[in-house]
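# Topology and contacts: notes
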Amino acid sequence: MATSLVITSGKGGVGKSTTAANLGTALALMNKRVCMIDLDIGLRNLDVIMGLSNRIIYDIVDVVMGRARLHQALIKDKRFDDKLYLLPAAQNTVKNIISPMNVVDIVNQLRPDFDFILLDCPAGIEQGFQNAIAGADGAIVICTPEIPSVSDADRVVGLLEQREMKLAPRLIINRINRSLMNEGNTMDVDEITKHLSIGLLGIVFEDSNVILASNQGTPIVMNPDYNASQGYRNIARRILGESVPLMTLKEHKPGLFERLFGKRSRKH
């Protein structure tokens, strides 16, 4: 039976959909069956990040309105055999067309066939937020190291705690700029976690390759060489219960020899 996790933040533009896409992909790469549900009704972009837009025939509203069965609306990502699926949001429709009970019903239908269900929550704390959290066993809260983002995340944490989910909410700090954080020009990891008072699931560094990957419809986690990819992969491992140390915040500063001659491996 699947564990359902809502990915939320309160604030828009902090990387919720990117996180959903990359965590879903990372878990699929670790041989878990995952279904991602885009609940950003009227906008939707999870399909774009995943490169699946041209395969959409039906969406979640079609399922709720009885125009399609759930299995007809699910899109299988062929890159991952039978491991990764997407239920897309609807475009050009009103946001309140589906209810929390609709989401609960869909999640419960999916549970027997998957290990994880990731609910991509729209921005804000209104109807879309209520729909997304209704079907969730737990929550992953996304914030960036900026005061407005942390403030919005704090509001969301309070609402999640009132709901008393099965699993305690956990935090991902996204788009960390090492230089700014090390110089004290943004909130640091300890400050953020103490302020929000929830467990830290992981950190992801600022990486311009995330934008390039999203534009190409290929989640960055598929390329293990990038910092952001490693961050998402580590988070997926923690979701599965592994103990994985945080990536270091300290930047590598080359010494004089390395600056003059470049980094060389020692031969033994």
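Below is a summary of the structure that appears in this document. Source: prediction; values computed, not measured. (Residues numbered from 1 in each chain as written. Predicted model: local features only at pLDDT ≥ 70, side-chain atom pairs only at ≥ 80, totals over all residues. Heavy atoms only, no water.)

Inspection of every chain in the model, using the stated rule, returns seven salt bridges. Ionic pairing is found between Asp 137 and Arg 111, a salt bridge with its closest N-O pair at 2.9 Å. Of the two residues, Asp 137 is situated in the loop between helix H6 (127–134) and strand S6 (138–143) and Arg 111 in the loop between helix H5 (100–110) and strand S5 (116–120); the sequence distance between them amounts to 26 residues. For Lys 166, the salt bridge goes to Asp 137, with nearest N and O atoms at 3.9 Å. Taken together, the positions of Lys 166 in the loop between helix H7 (147–163) and strand S7 (170–176) and Asp 137 in the loop between H6 and S6 put the pair 29 residues apart, joining distant regions of the chain. What makes Lys 166 exposed here is its relative accessible area of 72%. Look at Asp 137 and you get buried, because its relative accessible area is 8%. Bridged by salt links that share partners, the residues Arg 111, Asp 137 and Lys 166 form one connected network. (Salt bridge = Lys/Arg side-chain N within 4 Å of Asp/Glu carboxyl O. Helix = DSSP H or I, 4+ residues; strand = E, 2+ residues; numbered from the N terminus. Buried < 20%, exposed > 50% of the residue type's maximum accessible area, 1.4 Å probe, protein only.)

We now examine the side chain of Thr 18. Counting through the fold element by element, Thr 18 comes out in helix H1 (residues 16–29). Those residues in contact with Thr 18 that lie beyond four places of it in its chain are Ile 49, Val 210, Ser 214 and Tyr 232. (Contact = heavy atoms within 4.5 Å.)

Strand pairs in the sheet, formed through backbone hydrogen bonds, run parallel or antiparallel to each other. What the eight strands build is an open sheet, ordered S3-S4-S2-S5-S1-S6-S7-S8; its pairing is mixed. Whereas interior strands pair on both sides, the edge strands pair on one side only; in this sheet they are strand S3 (75–76) and strand S8 (199–205). Where strand S2 (residues 34–38) and strand S4 (residues 84–87) come together, four bridges link them in parallel fashion. When the sheet's bridge partners are listed, Met 36 is paired in S4 with Leu 86. Its contacts with the sheet place H1 against strand S1 (3–8), S2, S4, S5, S6 and S7, and it is angled at close to 170 degrees to S5. Sheet strands touched by helix H9 (residues 189–196): S6, S7 and S8. Its angle to S7, the strand with the most contacts, is close to 145 degrees. (Pairing = 2+ DSSP bridges. Axes fitted to C-alpha atoms, helices over the stretch in contact; angles between N-to-C directions.)

Turning our eyes to something else, we now look at H1. Between its terminal C-alpha atoms H1 stretches 20 Å, which fits the 20 Å expected from 14 residues at 1.5 Å a residue. In terms of residue burial, H1 counts as a mostly covered element, since 13 of its 14 residues are buried. The first or second residue beyond H1 is Asn 31, which carries a positive phi of 70 degrees. (Expected span 1.5 Å × (residues − 1).)

Vacant regions in the atomic arrangement are exposed by a probe of water-molecule size rolled over the atoms. Reported here for the largest pocket is a volume of approximately 380 Å³. Around the largest pocket, the lining comprises 26 residues; the ones closest to its centre are Asp 40, Leu 43, Cys 121, Pro 122 and Ala 123. Only H1 and H6 provide two or more residues apiece to the lining of the largest pocket. Looking at the lining of the largest pocket, the element that brings in the most residues is H6, giving four residues. For the lining of the largest pocket, a count of residues per class yields ten nonpolar, ten polar and six charged. (1 Å grid on protein atoms, 1.4 Å probe; cavity = no way out; pocket = protein on both sides within 12 Å on 5 of 7 lines; lining within 4 Å. Points joined across faces, edges and corners; volume = space filled by probe spheres on them. Nonpolar A, V, L, I, M, F, W, Y, C, P; charged D, E, K, R; others polar.)

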